[in-house]
Amino acid sequence: LLFAMGLGTTITFASSHWLLAWMGLEINTLAILPLMCQSHHPRAVEATIKYFLTQATAAAMLLFASITNAWITGQWNLEFMSYSLPTTLVTVALALKIGLAPLHAWMPEVLQGLDLTTGLILSTWQKLAPFCLLLQINPSNTSLLLILGLASTLIGGWGGLNQNQLRKILAYSSIAHLGWMILVLQFFPSLTLLTLLMYFVMTFSLFISFKVNNSTTINSLSMSWSKTPIISSMVPFILLSLGGLPPLSGFMPKWLILQELTKQSLAPLATLAALSALLSLYFYLRISYAMTLTMSPNTLLNALPWRLPSNQHTLPLAITT
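Residues numbered from 1 in each chain as written. Predicted model: local features only at pLDDT ≥ 70, side-chain atom pairs only at ≥ 80, totals over all residues. Heavy atoms only, no water.

Under an unreviewed UniProt entry, the protein chain has the name NADH-ubiquinone oxidoreductase chain 2 and belongs to Fundulus heteroclitus. Regarding the protein chain, the UniProt comment filed under Subcellular location (unreviewed entry) reads as follows: "Mitochondrion inner membrane". Of the comments in the UniProt record for the protein chain, the one headed Catalytic activity (unreviewed entry) reads "a ubiquinone + NADH + 5 H(+)(in) = a ubiquinol + NAD(+) + 4 H(+)(out)". (UniProt positions renumbered as here; feature names shortened; annotations may be inferred.)

This is the structure:
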């Protein structure tokens, strides 16, 4: 299944024909569905069905848009999206596929139903193929992308404030970061790729840290100090980096995006995006506070695990951190 997932993404990457691109996305979706419901828990099955329905809708829209484009222009090439209707349809379909606001509602729900490993695949690898298509079609209607991007940064900020579930917080953080990428997509595509890469690295290390700690709620994080002291002291750095705090690497893409937006004389938009990053920063701070600055009342039994040899593989976590 993992191989098929890789294959689907690769087909989309390599395609210059709309039908092939659609096929890659479809293989990708079908390959991750069994991984999502492998625990056979009702919550996981529900999440899988929600994911399947949204992805199928998005894929159908994409196919419809590409057929419309082929019908108008007489060719199936990805680059020649010269008419506004098919281009807009494709953009909306891909926005639904990656979960941009206001088409984001499935994302927190689905992520909440999965275990952390599959959630990691969903919030990193599954974003690659749609992004590849978005970068290639180079949408002509600038305002649509800017609206999608700004809505995503704002909703990603507001949505995460009230959450106690880590996976939902990660989902909202994902929506916010995708919004930042979309804002700068048409002005500076390579900056979008840089942001995507940085987001992947930070999200990977965060998911793996939570997996090592085996924690899915903020409350269970306060136990992490007695389980894994070193990881617990490193996680706030990852969180603040995700929030975009200056000395950390997550600040770099945000800074460059703000710079690019002001160059394009979109200063009000840049201001709103920067303010929405503060909202995200608030709930990242909340997690780091729960994780490192509070000590839960511990018994000796809880303080034991870090003295015992761990069977978790922490090398990839160390590298990405």
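On inspection of all chains with the given rule, the structure shows four aromatic pairs. Aromatic side chains phenylalanine 283 and tyrosine 284 sit 5.1 Å apart centroid to centroid with 55° between the ring planes, which places their arrangement in the tilted category. The exposure class assigned to phenylalanine 283 is buried, which follows from its relative accessible area of 0%. (Phe/Tyr/Trp six-rings, centres within 6.5 Å; stacked < 30°, edge-to-face > 60°. Buried < 20%, exposed > 50% of the residue type's maximum accessible area, 1.4 Å probe, protein only.)

We now examine the environment of methionine 181. For methionine 181, the location among the structural elements is in helix H9 (residues 166–184). Methionine 181 sits 80 residues away from leucine 261 along the chain, and the two C-alpha atoms are 12 Å apart. (Helix = DSSP H or I, 4+ residues; strand = E, 2+ residues; numbered from the N terminus.)

Turning to the side chain of threonine 29, a few remarks are in order. When you line up the elements, threonine 29 lands in helix H2 (residues 18–36). Residue contacts for threonine 29: discarding those within four places in its chain leaves Tyr51, Gln55 and Lys97. (Contact = heavy atoms within 4.5 Å.)

Following the criterion strictly, the structure yields five salt bridges and no others. Put simply, lysine 50 and glutamate 46 hold a salt bridge, and the shortest N to O gap is 3.0 Å. Placement of the pair is lysine 50 and glutamate 46 together in helix H3 (residues 42–73), with a separation of four residues, close to one helical turn. Residue classification places glutamate 46 among the partly exposed residues on the basis of a relative accessible area of 36%. Residues glutamate 109 and lysine 168 are paired through a salt bridge, measuring 3.9 Å at the closest nitrogen-oxygen approach. Of this pair, glutamate 109 sits in helix H5 (residues 106–112) while lysine 168 sits in helix H9, and the two are 59 residues apart along the sequence. The class of lysine 168 is buried, set by a relative accessible area of 18%. Through salt bridges with shared partners, a single network forms among Arg43, Glu46, Lys50, Glu109 and Lys168. (Salt bridge = Lys/Arg side-chain N within 4 Å of Asp/Glu carboxyl O.)

Along the chain, alanine 101 connects to proline 102 via a cis peptide bond; the corresponding omega equals 0°. Structurally, the position occupied by proline 102 is in the loop between helix H4 (84–98) and H5. The phi torsion at histidine 40 lies on the positive side, around 60°, for a residue other than glycine. Looking at the element boundaries, histidine 40 is found in the loop between H2 and H3.

In this section: the packing of helix H8 (residues 142–161) against H9. Packed helices, taken two at a time, are described by their axes: the angle between them and the distance between them. The interhelical angle for the contact between H8 and H9, taken along N-to-C directions, is 155°, at an axis separation of 7 Å. What the angle tells us is that H8 and H9 run roughly antiparallel. As H8 runs across H9, the sense of the crossing is left-handed. Facing H8, whose interface residues are Leu145, Leu146, Leu148, Gly149, Leu150, Ser152, Thr153, Ile155, Gly156, Gly157, Gly159 and Gly160, H9 presents Ile169, Tyr172, Ile175, Ala176, Gly179, Trp180, Ile182 and Leu183. Residues that form the contact of H8 with H9 fall into these classes: twelve nonpolar, eight polar and no charged. (Axes fitted to C-alpha atoms, helices over the stretch in contact; angles between N-to-C directions. Parallel < 35°, antiparallel > 145°, perpendicular 65-115°, else oblique. Left-handed = near helix turned anticlockwise from the far one by under 90°. Nonpolar A, V, L, I, M, F, W, Y, C, P; charged D, E, K, R; others polar.)

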